[in-house]
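# A closer look at the structure
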Amino acid sequence: MKQKKMIIAAAASMLMTATAQAAPFGGSADVSYAADLWASMTAAGYTGKGATMSAPYTGTHPHGAILDTIDTRLKVGDNDGLLIIKRNYGGEGVSKTAVANDPEKYLKAVTVMYKRKGYDPEIKDWFWVKYAPDGTPMKNPKGMSLAGRVGKGMGQGCVACHKAAPGGDMVFNHDRYAK
Ligand code: HEC
């Protein structure tokens with residue numbers, strides 16, 4: 001009986017370890033893919049000084065006071081996928097004009113959805129990242145990097161919120177990518 005209890009305890013602790021390891025995002029593979037994605041975005045002129053941007057517009061929670069969004073395509077290694085970049089701007093004196101004139105000054109975060117063929121059909125193959133302006137993935141309060149299936153199966157996070165987007169494509173702004 002005692003032995004049985006010990007086995008159950010051991011199994012339970014193994015299961016807990018496995019669950020911790022299987023956190024849906026923020027692992028080393030996700031962080032490394034996020035770095036490749038950033039490098040490709042940089043090579044294509046989507047980051048840094050003079051980066052290609054849209055006209056800034058007034059944003060909604062949680063994405064920031066002023067936003068700009070670009071829909072495009074990008075190659076990362078062999079993967080040629082859709083790329084949606086939403087930059088979040090804020091800080092003192094932020095306005096659409098101020099951002100248009102000096103985007104770097106107000107840039108707070110770069111949120112990205114990138115289609116990776118075969119990545120995870122349950123989330124329409126979107127890879128999610130929230131980058132700091134310097135290109136490193138930002139972290140949640142638990143210290144997990146916001147890269148990968150962020151918020152999948154959880155109550156909050158990119159996936160948790162975006163799964164409510166109309167059209168079933170996880171994209172809010174339009175349904176062009178809905179099948
Ligand atoms: C609480 C809900 C919510 C969360 C959490 C959230 N978003 Fe969004 N997101 C939205 C809404 C609403 C829009 C469309 C309105 C807008 O432009 O702000 C949007 C727009 C976007 C877009 C432009 C494409 C589209 O869907 O229209 C991208 C890219 C994006 N979010 C990325 C992310 C990433 C990456 C995360 C996680 C780090 C995230 N979002 C977390 C609600 C959310």
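About the criteria used
Residues numbered from 1 in each chain as written. Predicted model: local features only at pLDDT ≥ 70, side-chain atom pairs only at ≥ 80, totals over all residues. Heavy atoms only, no water. Buried < 20%, exposed > 50% of the residue type's maximum accessible area, 1.4 Å probe, protein only. Helix = DSSP H or I, 4+ residues; strand = E, 2+ residues; numbered from the N terminus. Pairing = 2+ DSSP bridges. Donors = N, O, S within 2.8 Å, 3.2 Å for Na, K, Ca; no water. Tetrahedral: all angles 85-135°; square planar, octahedral: opposite > 155°, others 65-115°. Expected span 1.5 Å × (residues − 1). Arc of directions from axis to C-beta. Contact = heavy atoms within 4.5 Å.

## Some points on the pairing of strand 4 (residues 107-115)
Counting buried positions along strand 4 gives 7 out of 9 residues, so the element sits mostly inside the fold. Sheet topology note: the strand 3 (residues 79-89)/strand 4 ladder contains 7 bridges and is antiparallel. What sits directly across from Asn-88, in strand 4, is Ala-109. Strand direction decides the pairing type here: strand 4 and strand 5 (residues 126-131), joined by 6 bridges, are antiparallel. Considered in strand 5, the bridge of Tyr-114 is made with Phe-127.

## Things to note about the coordination of the iron atom of the ligand
Only His-63 (NE2) and His-162 (NE2) from the protein reach the iron atom of the ligand as donors, at distances of 1.9 to 2.1 Å. Between the 6 donor atoms coordinating the iron atom of the ligand, the angles at the centre fall across 88 to 180°, so the site counts as octahedral. In this pair, His-63 sits in the loop between strand 1 (57-58) and strand 2 (66-76) while His-162 sits in helix 5 (residues 158-162), placing the two residues 99 residues apart along the sequence. Assigned by exposure class, His-63 and His-162 land together as buried.

## Remarks on helix 2 (residues 28-43)
Its 16 residues give helix 2 an end-to-end C-alpha distance of 23 Å, which sits within 8% of 22 Å, the value for a rise of 1.5 Å per residue. Every buried residue of helix 2 is listed here: Asp-30, Tyr-33, Ala-34, Leu-37, Trp-38, Ser-40 and Met-41. Looking straight down helix 2, one finds that the buried residues subtend no more than 165° of arc, so they occupy a single side. Away from its buried face by more than 90 degrees, helix 2 exposes Ser-28 and Ala-43. Elements in contact with the buried residues of helix 2: strand 2, strand 3, strand 4, strand 5 and strand 6 (147-148).

## Quick word on the pairing of strand 2
Burial within strand 2 is extensive, with 8 of its 11 residues counted as buried. Here 2 bridges tie strand 1 to strand 2, and the two strands are oriented antiparallel to one another. Note on strand 2: the bridge partner recorded for Tyr-57 is Leu-67. Summarising the sheet, strand 2 and strand 3 pair through 11 bridges and their orientation is antiparallel. Its bridge partner being in strand 3, Leu-74 is matched across the sheet by Gly-81. With antiparallel pairing between neighbouring strands as the criterion, strand 2 and strand 3 make up a hairpin whose turn holds 2 residues, including Gly-77 at a positive phi of roughly 60°.

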